[in-house]
Amino acid sequence: MASKLFALACIRNESCRDLSPAPHYPSMPKYPKGVPVQENMEGSEAKALFSVLGMTCSACAGSVEKAIKRLPGIRDAAVDVLNNKAQVLFFPNFVNEETIREAIEDAGFEAALIKDDVDNKSVQTCRFHIKGMTCTSCSRAVESALQGINGVQNAQVALATEEAEIRYDSKIVSHNQLLEAIEDAGFEAILISTGEDKSKIQLKVDGVRTNYSMRIIEESLQALPGVQDIEYDPLLNKVSLSYKPDETGPRNFIQVIESTGSGRFKAMIFPEEGQHGSHRQEEIKQYYKSFLWSLIFTIPVFLTSMVFMYIPGIKQGLDSKVVKMLTKGELLRWVLSTPVQFIIGRRFYIGSYKALRNGSANMDVLIALGTNAAYFYSVYTVLRAATSMDFNGVDFFETSSMLISFILLGKYLEVLAKGKTSEAIAKLMNLAPETATLLTIDGHGNVVSEKEIDSRLIQKNDIIKIIPGAKVASDGFVIWGQSHVNESMITGEARPVAKRKGDAVIGGTVNENGVLHIQVTRVGSESALSQIVRLVESAQMAKAPVQKFADRISKYFVPLVIVLAFGTWLAWFLAGKFNAYPKSWIPSSMDSFELAFQFGISVMVIACPCALGLATPTAVMVGTGVGASQGVLIKGGQALENAHKVDCIVFDKTGTLTIGKPVVVSTRLLKNMVLREFYELVAATEVNSEHPLAKAIVEYAKKFGEDEENHVWPEAEDFVSITGHGVKATVQSKEIIVGNKSLMLESHIFVPVDAEEVLVEMEEMAQTGILVSINREVVGLIAISDPLKPGARDAISILKSMNVRSIMVTGDNWGTANSIAKEVGIETVIAEAKPEQKAEKVKELQSMGLTVAMVGDGINDSPALVAADVGMAIGAGTDIAIEAADIVLMKSNLEDVITAIDLSRKTFSRIRLNYIWALDYIISTMQFQQLVSEPHGSVSGFCRNLYLLFRYCTC
């Protein structure tokens, strides 16, 4: 209980309130020559294992442990006397393995560094961008091809992001072999990352004209410590370097390159052109252009076969003969549908070839089969009509061209949706600033110069200046200055965090007030921002396909359709041969073989649109439309497939269960005075502070004024902000002190028992208690809290009645978390959780067999949102959280969580019903087509489409 009260009492202390301005330049600050405390260097922690010979007892082990721990930069050391080993956790910026080894030997023992397990080192993860995948059959084919390679431990292919993540043993197989395997499977692959534990950078080098010049540059770079690998692309003048960030960095490379050729070589960071994003935009443009061209040809085909045939005058013109029984309408449809079939629809032939070559059948195979059957049978009827005086056949040109047009429209909408999957990651990466201010320090710790550099040129141990309002350029710790830093874009918590000398800062966060000088500890892939990006990417790769049921059916659907089509033809052909039906059923222009062939083709054509494939999209369209009208934005079929099975929901606290903004919730006066006068004095003092709690008090105090918007407060004199405690000032000749209990005691102000009891009550309710002293006497207390959202308690209660378990995971402290959970009715609480821990908790629940939904609003929630079976983002949250989620609650109302689950349950039941209707549609449409024996194909086609429309309307 005492620790809980202490944690709550320190809320204000954790949000440092010292807003005194930093010294202005040129009064340059001096940096201490000593090193900062170890806990500030957690970002660069390393582990080493030593073999220690000569130990005979626990006293020897104790001697070795003491010798190690006496070194600076040692976090922990453990000595195993039985196995003659010592494991050391240390910070490489202060101590290295060789120094530790020498310390052990100085203690009288023989020591040797044991390299990490070679097998673990050889297991790596690489990622590829894959072009050409059109459906889950394609992604399944790529996965099968990769998993069949010796040395590949696991392969995951995500159709939505068009990426593959492969975990493999680099001693058995290389990433180049993996790339070749993907290309052999019929797809184009681009290496994104090799996953090796080293930093990489790409430089553009101008001035290189000969191979000799490039060799000189390579040799100069290779001579630098920490450089591991160099690759040169002569076409782009691009040099790719892999290096150890602890030993060197990009600025060193540029300096070496520019000094090598007597100034004729110039180097810079290779410009990023967003290759993945540009490919996506190009793909969208291609599908859009293909769809438009398809419409240009298809609309006339549709009009001539389905509309103009019923308009007198036009019908006679189209039915006029060109050659024998060949009409102008048939010839026009043939000419117009041919480019659609073979030029615009060329992609489906390519996709079919790749699929069949790899022994699989995807939707491209169905499309090619169905459209070819319709087209070539139509060509047969045209040629037969041109060579016969009494043939009157039926063509299906409108069927093939319209199918291709509608499929291209679907593909266009699909790639538009796919483009959204990468926006969350792009926005995450954009959090990092483009430039940074690099400081040069002399031997005495004085700042001697400032220089603005590209933030990608930052190296470990650089000193970076962060001005108010600027983004923190990289992870590090403060070595001079104090300020408040808004970390909500990373942590999701509303309060800016006080930063002073020795405190860690995170790249991408925003400095609110005061100048900070930070020493960089992590750059590139090691940064917190990059780690969150990797978490989101990994979670996206783990997503399951949305149409599992349809995918399972599609595996057998193509061969089944072919068998049914052949069986239909054979049955009708044999029936005709053995006179099983009246001769009058056979049109005068056909024989029994052609009639049977027409029925077989009908099966193929009707099956091609694959009503099974449309069953889910139609329900998704209606479900998402209804959801949008209710303020619930559902991003696709995956949410509808998974949300109806949700039996556990993980809630973030700040901004999700609570409003996310500190507000004054109550005031307790200990002396007789008017509340308006009380707040007049308090607000006049607090208005000089930029602290979030001060702003909440001032905002609340405005309610007591006549002019709430433009209230003028009394002048405060001798204003002082005491770091982590509160503020002091003189207002209307009265000494006003506003702050926590520690400030009162330090100011020798007696805190009465009544005030202490009220403080305890406030802290038990997760409220921050602020004491107010006037003329050195405590006269009142102000309770500030982040209140629950309206309806939060009711939402949790209804979820319980739906047998859905609720869990709260937050980065806030345990005291506040437990109090909020108790108030809202949640039993399971996890507090002080980092972003990766939230995602780990989600995965832990999933491993227990639960279907987990995550509800959050911050960037720190995005890994968990993507890892969950269903991610729900609060509409008022960050853009990154919204992009990473499957469902967005636009009204930020927790009752909409219930709406989303209920809607998904009803929608998924509709999807199941649609599958039944789809199967019924296929069977009944085949029967309907068989009953139609009119010689006029347009009537048949028109009736067929009316019938199709009717059946889907009933769905």
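Note that the coordinates shown come from a computational prediction; the quantities given were computed from them, not determined experimentally.

The rules we used
Note that residues are indexed from 1 along each chain, following the sequence as it is written. Where totals are concerned, whole chains, interfaces and linings use all residues; where local detail is concerned, this predicted model gives features only for residues with pLDDT of at least 70, and gives and counts side-chain atom pairs only at 80 or more. Here the side-chain values reflect all heavy atoms present in the structure, with hydrogen atoms and water set aside. Each helix is a run of H or I in the DSSP string that is no shorter than four residues. Each strand is a run of E no shorter than two, and both are numbered from the N terminus. Should any heavy atoms of two residues lie within 4.5 Å, those residues are counted as being in contact. In these tables, accessible area is a Shrake-Rupley quantity obtained with a 1.4 Å probe, and a residue counts as shielded only by the protein chains included in the view. Accessibility here uses a 1.4 Å probe with only protein chains present; expressed as a share of the type maximum, an area under 20% marks a residue as buried, one over 50% as exposed, and anything in between as partly exposed. Being paired, for any two strands, means DSSP has found at least two bridges between them. Here the positive residues are Lys and Arg and the negative ones are Asp and Glu; neither His nor the chain ends is included. Think of a salt bridge as a Lys or Arg side-chain nitrogen and an Asp or Glu carboxyl oxygen that are within 4 Å of each other. We call two N or O atoms a polar contact when they sit within 3.5 Å, provided that within protein one can donate a hydrogen and the other can accept it, with sequence-adjacent residues counted only if both atoms are side-chain atoms. Between N-to-C directions, angles cover 0 to 180 degrees, with each direction set by a line fitted to C-alpha atoms, over the stretch in contact for helices. We define the nonpolar core as a collection of buried residues of types Ala, Val, Leu, Ile, Met, Phe, Trp, Tyr and Cys that are connected through side-chain atoms lying within 4.5 Å of one another. To sort the angles, those under 35 degrees are grouped as roughly parallel, those over 145 as roughly antiparallel, those from 65 to 115 as roughly perpendicular, and the leftovers as oblique. Less than a right angle of anticlockwise turn of the near helix away from the far helix marks a crossing as left-handed, whereas a clockwise turn marks it as right-handed. Note on residue classes: Ala, Val, Leu, Ile, Met, Phe, Trp, Tyr, Cys and Pro are nonpolar, Asp, Glu, Lys and Arg are charged, and everything else, Gly too, is polar. As a per-residue quantity, pLDDT reports the predictor's confidence and falls between 0 and 100. What a helix is expected to span follows from its residue count: subtract one and scale by 1.5 Å. Note on bend: the value at a residue is the angle between axes fitted to the seven residues ending there and to the seven starting there. Note on ring pairs: Phe, Tyr and Trp rings are taken, using the six-membered ring of Trp, and paired if centres are within 6.5 Å. Classes follow the plane angle, with under 30 degrees stacked, over 60 edge-to-face and the rest tilted. UniProt positions are given in the numbering used here, feature names are shortened, and annotations may be inferred rather than shown by experiment.

Caption draft 1: Examining the overall build of the protein chain more closely. From N to C terminus, the protein chain includes 34 helices and 36 strands. Sequence separation of at least 24 residues holds for 70% of the intrachain contacts in the protein chain that already meet a minimum separation of 6. As displayed, the protein chain has an accessible area near 43,600 Å², and 55% of this comes from carbon and sulfur atoms.

Caption draft 2: Structural detail: the pairing of strand E31 (residues 778-785). Of all the eight residues making up E31, eight are buried; the element is thus mostly covered by neighbouring parts of the structure. Examined bridge by bridge, strand E26 (residues 663-669) and E31 share six bridges and lie antiparallel to one another. Among the inter-strand pairings, Val 664 is bridged to a residue of E31, identified as Ile 784. Two elements, strand E30 (residues 768-774) and E31, share six bridges in a ladder whose sense is antiparallel. Within E31, the position partnered with Ser 773 by the bridge is Val 778. A loop of three residues connects E30 with E31, the two strands running antiparallel in sequence, and Asn 775 in this loop sits at a positive phi of about 55 degrees.

Caption draft 3: Quick peek at the side chain of Asp 169. Structurally, the position occupied by Asp 169 is in strand E7 (residues 163-169). Lys 171 is the oppositely charged side chain nearest to the buried, salt-bridge-free Asp 169, at an N-O distance of 6.4 Å. Side-chain polar atoms of Asp 169 contact the backbone nitrogen of Lys 171, separated by 3.0 Å.

Caption draft 4: Representation of the sheet that holds E31. Strands sit in the order E26-E31-E30-E29-E28-E27 across an open sheet of six strands; the sheet is antiparallel. The two strands at the open ends of the sheet, each matched to only one other strand, are E26 and strand E27 (716-722). With strand direction ignored, the average angle separating the axes of adjacent strands in the sheet is 15 degrees. Alignment of strand E29 (residues 734-739) against E30, held across four bridges, turns out to be antiparallel. Within the sheet, the bridge partner assigned to Gly 739 lies in E30 and is Leu 771. Across the sheet, helix H24 (residues 675-686) is in contact with E26, E27, strand E28 (726-731), E29, E30 and E31; its angle to E28 comes to roughly 110 degrees. Against the sheet, helix H27 (residues 753-764) touches E26, E30 and E31, its axis set at about 0 degrees to E31.

Caption draft 5: Region of the structure containing the nonpolar core. Counting 37 residues, the largest nonpolar core has Ile 649, Phe 651, Leu 657, Leu 799, Met 872, Ile 887 and Val 897 as its most contacted members. Tallying contributions element by element places helix H33 (residues 895-931) first for this core, with five residues. Not counting residues up to four positions away in its chain, the partners in contact with Leu 799 are Ile 649, Phe 651, Val 804, Ser 806, Ile 898 and Ile 901. Ranked by size, the runner-up nonpolar core spans 36 residues in total, among them Ile 201, Ile 217, Ile 230 and Val 485.

Caption draft 6: Examining the environment of Lys 789 more closely. Within the fold, Lys 789 resides in the loop between E31 and helix H28 (792-801). Separated by 132 residues in the primary sequence, Lys 789 and Leu 657 place their C-alpha atoms 5.9 Å from one another. With sequence-adjacent residues up to four places away left out, Lys 789 is seen in contact with Gly 655, Thr 656, Leu 657, Thr 658, Ile 659, Ile 874 and Ser 892.

Caption draft 7: Up close: the packing of helix H12 (residues 328-344) against helix H14 (residues 363-386). Viewed as axis vectors pointing N to C, H12 and H14 meet at an angle of 150 degrees, and their least axial separation amounts to 11 Å. Comparing their axes, H14 and H12 come out roughly antiparallel. In this structure, the crossing between H12 and H14 has a hand that is left-handed. Across the interface between the two elements, Glu 330, Trp 334, Ser 337, Thr 338, Gln 341 and Phe 342 of H12 pack against Thr 371, Asn 372, Tyr 375, Phe 376, Val 379, Val 382, Leu 383 and Ala 385 of H14. Among the residues making up the contact of H12 with H14, the classes are represented as eight nonpolar, five polar and one charged.

Caption draft 8: Structural context of the confidence of the model for the protein chain. Mean pLDDT over the protein chain works out to 76, with 76% of the residues at or above the 70 mark. Strand E25 (residues 648-651) holds the highest mean pLDDT among the elements of the protein chain, 93, whereas helix H2 (residues 11-14) holds the lowest, 33.

Caption draft 9: Molecular detail of H12. With 17 residues, H12 ought to run about 24 Å at 1.5 Å a step, and its terminal C-alpha atoms sit 24 Å apart, in line with that. Its axis deflected by about 30 degrees at Ser 337, H12 carries its strongest bend there, up to four residues before the proline Pro 339. Along H12, the residues that are buried comprise Gly 329, Glu 330, Arg 333, Leu 336, Ser 337, Pro 339, Val 340, Gln 341 and Ile 344.

Caption draft 10: Highlighting the packing of aromatic side chains. One pass over the structure, following the stated rule, counts 18 aromatic pairs. Ring geometry for Phe 342 against Tyr 349: centres 6.0 Å apart, planes inclined by 15 degrees, an arrangement best described as stacked. Judged by relative accessible area, Tyr 349 falls into the partly exposed class, the value being 26%. Summarising the aromatic geometry, the rings of Trp 572 and Trp 585 are spaced 6.3 Å apart at their centres and angled 40 degrees between planes, so their arrangement reads as tilted. Of the two residues, Trp 572 is situated in helix H19 (residues 548-577) and Trp 585 in the loop between H19 and helix H20 (592-607); the sequence distance between them amounts to 13 residues. Residue classification places Trp 572 among the buried residues on the basis of a relative accessible area of 16%. You can call Trp 585 partly exposed: its relative accessible area is 44%.

Caption draft 11: Looking closely at the sheet that holds strand E17 (residues 463-466). Reading across the sheet, the six strands line up as E16-E15-E17-E23-E18-E21 and stay open at both edges, with antiparallel pairing between neighbours. Sheet topology places strand E16 (447-454) and strand E21 (504-505) at the edges, where each strand pairs with a single neighbour. Across four bridges, E17 lies against strand E23 (residues 516-522) in antiparallel orientation. Residue Ile 464 lies in a different strand from E23, and its bridge partner there is Ile 518.

Caption draft 12: Structural context of unusual backbone geometry. For Asn 579, which is not glycine, the phi torsion reads 55 degrees and is therefore positive. Non-glycine residue Asn 775 carries a positive phi angle of around 55 degrees. On the secondary structure map, Asn 775 appears in the loop between E30 and E31.

Caption draft 13: Molecular detail of the UniProt feature "transmembrane region" (unreviewed entry) in the protein chain. What UniProt calls "transmembrane region" (unreviewed entry) maps, in this numbering, to residues 290-311, 331-349, 361-380, 556-575 and 595-615. Its end C-alpha atoms 27 Å apart, residues 361-380 is made of 90% helix and 0% strand.

Caption draft 14: Looking closely at H14. Taking 1.5 Å per residue, 24 residues should reach 34 Å; H14 reaches 34 Å between its end C-alpha atoms and fits that length. Counted residue by residue, H14 has 17 buried out of 24 residues, so it is predominantly covered.

Caption draft 15: Representation of the side chain of Asp 462 in the model. Looking at the element boundaries, Asp 462 is found in the loop between E16 and E17. Those residues within four positions of Asp 462 in sequence are excluded, and the remaining contacts are Arg 251, Leu 438, Leu 457, Ile 518, Gln 519 and Val 520.

Caption draft 16: Region of the structure containing the packing of H24 against helix H25 (residues 692-701). It is the contact of H24 with H25, at a shortest axis distance of 9 Å, that shows an interaxial angle of 140 degrees. Considered as vectors, H24 and H25 are oriented oblique to each other. Relative to H25, H24 is oriented so that their crossing is left-handed. Across from Tyr 679, Val 682, Ala 683 and Glu 686 in H24, the residues of H25 making contact are Ala 694, Ile 697, Val 698, Tyr 700 and Ala 701. Taken together, the residues of the contact of H24 with H25 sort by class into eight nonpolar, no polar and one charged.

Caption draft 17: Summary view of the pattern of salt bridges. Applying the stated criterion to the full structure yields 19 salt bridges. Here Asp 475 and Arg 522 are joined by a salt bridge, their closest N and O atoms 3.2 Å apart. Of the two residues, Asp 475 sits in strand E18 (residues 475-480) while Arg 522 sits in strand E23, which places them 47 residues apart along the sequence. Taken individually, Asp 475 and Arg 522 each receive the classification buried, so the pair is uniform in this respect. The partner of Asp 902 in a salt bridge is Lys 906, and the shortest N-O contact between them spans 3.6 Å. Here Asp 902 pairs with Lys 906, and both are found in helix H33, just four residues apart, close to one helical turn.

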